[in-house]
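For reference, the chains in residue letters:
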Amino acid sequence: KATFLLGTILGQLVAAWVQMALLVFFGIHVLGIDWGNSIPGLVVLLLAFSLAATALGTLLGTLVRSTEEAGGLAPITGMVMALVGGCWYPGELFPEAVKTVNQFLPTTWALQGLNDLGLRRLGLVEILPEAGVLLVFTVVFFVLGIWRFRYE
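The structure displayed is predicted, hence computed values, not measured ones.

J.: Report on the overall build of the protein chain, specifying residues and quantitative values.
T.: A tally of helices and strands in the protein chain yields six helices and zero strands. Overall, the protein chain shows an N-to-C arrangement of helices and strands of α-α-α-α-α-α. Projected onto its principal axes, the C-alpha coordinates of the protein chain cover approximately 50 × 35 × 30 Å. The proportion of buried residues among the 152 residues of the protein chain is 34%. Long-range contacts, defined as pairs at least 24 residues apart, comprise 71% of the intrachain contacts of the protein chain with a sequence gap of at least 6. Counting every atom, the protein chain has about 9400 Å² of accessible surface; 73% of that belongs to carbon and sulfur. When the 7 basic and 9 acidic side-chain charges of the protein chain are each reduced to a single mean position, those positions are 9 Å apart.

Right, here's the structure in full:
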């Protein structure tokens, strides 16, 4: 049972890494996106974010009863987190209550780290706090997800 769970989680994680690598490559070579001057910082941040996202997926998988429910919940969760996390609109435009809530979303911390790398030209050391927060999300989501997981 543990092997099945670990295999499923690792499969999702590898898929996320491949998707991110393709998006970064496409962004650089086709769209001309400047990801900053710290490739190690970008790698660490994206790895931390992918771990948090995979852990959140593990937790969400324990909250649904069917594949259909998961298929509906995942995109909605992602879109709400992107919106409230500041990925669609600058976080400064939101009311204070939303600014407080968005501190509890991985998307907020990933976006802040990406802005630090690309816009503020910071490096690996400067984005370690954001990566650290993403790893805390990872631990919390995985612990809750594994605790709720039903081995049936």
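J.: With reference to specific residues and values, describe the nonpolar core.
T.: Ranked by size, the top nonpolar core spans 25 residues in total, and within it Leu134, Phe137 and Phe141 carry the most contacts. Elements represented by at least two residues in this core include exactly helix H1 (2-29), helix H2 (39-61), helix H3 (67-84), helix H5 (106-118) and helix H6 (124-148). When sequence neighbours within four positions are dropped, the list of residues in contact with Phe137 reads Ala52, Gln103, Phe104, Leu105, Pro106 and Trp109.

J.: Tell me about a nonpolar patch on the surface, and please be specific about residues and values.
T.: A surface patch of nonpolar side chains, amounting to about 610 Å² of accessible area, comprises Val14, Trp17, Val18, Leu22, Ile39, Val43 and Leu47. Relative to the helices and strands, Leu47 is located in helix H2. Residue Leu47 is classed as partly exposed on the basis of its relative accessible area, which comes to 34%.

J.: Report on H1, specifying residues and quantitative values.
T.: If you check H1, its first and last C-alpha atoms are 40 Å apart, about what 28 residues at 1.5 Å a residue would give, namely 40 Å. Listed as buried for H1 are Leu5, Ile9, Leu13, Ala16, Met20, Val24 and Gly27. Against the buried residues of H1 lie H2 and H6.

J.: Report on unusual backbone geometry, specifying residues and quantitative values.
T.: In this structure, Arg121 takes a positive phi of about 60° despite not being glycine. Looking at the element boundaries, Arg121 is found in the loop between H5 and H6.

J.: Explain the side chain of Thr58 to me, and be specific about the residues and the numbers.
T.: Along the polypeptide, Thr58 turns up in helix H2. Once you skip the residues sitting within four places of it in the chain, Thr58 turns out to touch Ile9, Phe142 and Gly145.

J.: Lay out the packing of H2 against H6 in plain terms, naming residues and giving numbers.
T.: Running from N to C, H2 and H6 cross one another at 20°; their axes reach a closest spacing of 7 Å. Judged by the inter-axis angle, H2 sits roughly parallel to H6. With respect to the hand of their crossing, H2 and H6 are arranged in left-handed fashion. Looking at the contact of H2 with H6 residue by residue, the classes come out as 20 nonpolar, five polar and two charged.

Definitions and limits used
The numbering scheme is per chain: residues are counted from 1 as the chain's sequence reads. At least 70 in pLDDT is required for a residue's local features to be given in this predicted model, at least 80 for side-chain atom pairs to be given and counted, and no such filter applies to totals for whole chains, interfaces and linings, which use all residues. Just so you know, side-chain values use all the structure's heavy atoms and leave hydrogens and water out. Secondary structure elements follow DSSP: runs of H or I of four or more residues count as helices, runs of E of two or more count as strands, with numbering from the N terminus. With a 1.4 Å probe rolled over the protein chains alone, any residue whose accessible area is under 20% of its type maximum counts as buried; one over 50% counts as exposed, and the rest are partly exposed. Residue contacts follow a heavy-atom distance rule, with two residues in contact if any of their heavy atoms lie within 4.5 Å. Calculation of accessible area relied on Shrake-Rupley with a 1.4 Å probe; when residues are assessed, cover is drawn exclusively from the protein chains displayed. Positive charges come from Lys and Arg alone, negative charges from Asp and Glu alone, with His and the N- and C-terminal ends not counted. Here the site of a charge means atom NZ of a Lys, CZ of an Arg, CG of an Asp or CD of a Glu. Put simply, buried Ala, Val, Leu, Ile, Met, Phe, Trp, Tyr and Cys residues joined by side-chain atoms within 4.5 Å make one nonpolar core. Exposure above 30% relative accessible area and the lack of any salt bridge qualify a residue for a patch; like charges then connect within 9 Å, and the nonpolar side chains Val, Leu, Ile, Met, Phe, Trp and Tyr within 5 Å. Within this document, salt bridges are pairs made up of a side-chain nitrogen of Lys or Arg and a carboxyl oxygen of Asp or Glu, the two lying within 4 Å of each other. Any helix carries an expected span of 1.5 Å times its number of residues minus one. Axis definition: a line fitted to C-alpha atoms, limited for helices to the stretch in contact. Angles are taken between N-to-C directions and run from 0 to 180 degrees. By the definition adopted for this analysis, an angle is roughly parallel if under 35 degrees, roughly antiparallel if over 145, roughly perpendicular if from 65 to 115, and oblique otherwise. Here a crossing is called left-handed whenever its near helix is offset anticlockwise from the far helix by less than a right angle, and right-handed whenever the offset is clockwise. Residues were grouped as follows: Ala, Val, Leu, Ile, Met, Phe, Trp, Tyr, Cys and Pro as nonpolar; Asp, Glu, Lys and Arg as charged; and all remaining residues, including Gly, as polar.

As far as function goes, none of this settles anything; it's purely spatial.
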